[in-house]
Amino acid sequence: MAVAAPHRSVLYMPASNLRALEKGRTLPVDALILDLEDAVAPDQKALARTQAVAVLAEGGFAPRRVALRINGPETPWGAEDLEAALTAAPDAILLPKVETAETVVRVAARCDAAKTRVWAMMETARGLLAAREIAAAPGLEAMVMGTNDLARELQCRDRSDRRPLLTGLQLCLLAARMAGLIALDGVYNAFRDAEGFRRECEDGRDLGFDGKTLIHPGQIEIANTVFAPDIEELAAARDTVRAFREAKAAGAGVAVLNGRIVENLHVEIAERTLARAAAISAREQAA
Ligand code: COA
Ligand code: MG
C-alpha cells in the first residue's frame, strides 16, 4: 500500500527572520511553512517576501517539503506575494482564510502542478462550512487547520480538551479524507509546555490528522513521535495481517485475534499503519 510522504511535523517560520529560515535546512521536520502572513508585521512584509524568495532560490531544504504562506488577495500584499510565490515555485503555496473553491482553483491554475501544489488554511466559519467544496478543488493537496483564527471567530473559550473546536476540526478532516488530502492540525500556542503539547498532538492524531503545525523547534520531536506508529501499534498491525492470512489459508473469511474479530478492513488499516511506518523510515534515512 502506497501512502504519502509523512507530514508529522510542519513548522511555521516568519520569513522576516532570516536566522530561522536558514535553520530550516537542518531541523528534523517533515515540512516547513515560510510565513509571509500573520507572523510578519506590516512594515516587514516586503523584507519577508524578498528573504523567502532568496532562500527558496538557494534551496537546500530537501527532503523537507517547503510551503510558502502568502497574504490573502484582499490585503495590500496579496497580489505581489502570489507573483513572488509563483516564481519561487515552493512545494506548496499555502493560502490563508480560504472560503471558496474558486480561490484554490484560481491559484492552482497558475501553478505547475508537477512542482507546486496548493494548501488551504481552514480557519473561518465560512471556510469550514464550505470545506467539502474546497477539498474537491483540483490542485489542492492539503488542508491546514488555523485553530487560533477559528477560535477568534467562534468567540469560544480556550479549553485544553478543544471541545469548542471539535466540529471545525472534524469538518476539515471529513473533507480532507473525502478528497484524499493531507490534513494538518493547528498550532499549540504555549510552546514551552511540552506536556500540554504532547496531549494536543495525541488528540489530533486520534482524530485522524496526519500531523501538527508547529511554531517552535522545541515541538518537532514530540510531533514526530506522536504522529508515527509506535512499537505496540506496529506489532499489532503485523499480528493482524498474519492472523488474517492464516485464517484465509484455513478457508475462513474472518480471523479472531486476542478476542477481537479481524476482517478485511482491519487488515487494510494494519497495512496502512505498516506503510506509514515504512514511509517515515524512508524519510528519516533521507535526512
Ligand atoms: N522556526 C525556526 N527557528 C525558530 C523558530 C521557528 N518557528 N522559533 C524559534 N526558532 C529558533 C530561534 O531563532 C532560536 O535560534 P538560535 O538559538 O539559533 O538563536 C531558537 O530557535 C530558540 O528560540 P527561542 O529563544 O526559544 O524562541 P523565541 O523566544 O526567540 O521565539 C517565537 C518564540 C514564538 C516568537 C518564535 O518561536 C516564532 O516566531 N515562532 C513562529 C511563529 C509563527 O510563525 N506564527 C505563525 C503561525 S501561527
Ligand atoms: Mg490564521
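Since this is a predicted model, take the numbers as computed values, not measurements.

The rules behind each value
Residues numbered from 1 in each chain as written. Chains lettered and ligands numbered in written order. Predicted model: local features only at pLDDT ≥ 70, side-chain atom pairs only at ≥ 80, totals over all residues. Heavy atoms only, no water. Pairing = 2+ DSSP bridges. Helix = DSSP H or I, 4+ residues; strand = E, 2+ residues; numbered from the N terminus. Axes fitted to C-alpha atoms, helices over the stretch in contact; angles between N-to-C directions. Contact = heavy atoms within 4.5 Å. Domains from an automatic or database assignment. Donors = N, O, S within 2.8 Å, 3.2 Å for Na, K, Ca; no water. Buried < 20%, exposed > 50% of the residue type's maximum accessible area, 1.4 Å probe, protein only.

### Considerations on the sheet that holds strand E3 (residues 65–69)
Point 1. Taken in spatial order, the eight strands of this closed barrel run E1-E2-E3-E4-E5-E6-E7-E8, and their pairing is parallel. Going from strand to strand, the sheet's axes swing by 25° on average, the running direction of each strand aside.
Point 2. Strand direction decides the pairing type here: strand E5 (residues 117–122) and strand E6 (residues 140–145), joined by five bridges, are parallel. Paired with Met-121 across the two strands is Val-144, which belongs to E6.
Point 3. Taken strand by strand, helix H4 (residues 101–108) contacts strand E4 (92–95), E5 and E6, and its axis lies near 150° from that of E4.
Point 4. Each of E5, E6 and strand E7 (182–185) touches helix H8 (residues 166–179); the most contacted strand, E6, lies at about 170° to it.

### Here's the deal with the domain arrangement of the protein
It is common to report an interface's size as the accessible area lost on association of the parts.
Point 1. What the domain assignment reports for the protein is domain 1 (9–226) and domain 2 (231–286).
Point 2. Spacing between the C-alpha centres of domain 1 and domain 2 amounts to 32 Å.

### Things to note about the coordination of the magnesium ion (ligand 2)
Point 1. The magnesium ion (ligand 2) binds to the protein through Glu-123 (OE) and Asp-149 (OD), with metal-donor distances spanning 1.9 to 2.2 Å. Taken together, the residues span a long stretch of sequence, with Glu-123 in the loop between E5 and helix H5 (125–129) and Asp-149 in helix H7 (residues 147–154) at a distance of 26 residues. Each member of the pair, Glu-123 together with Asp-149, is buried.

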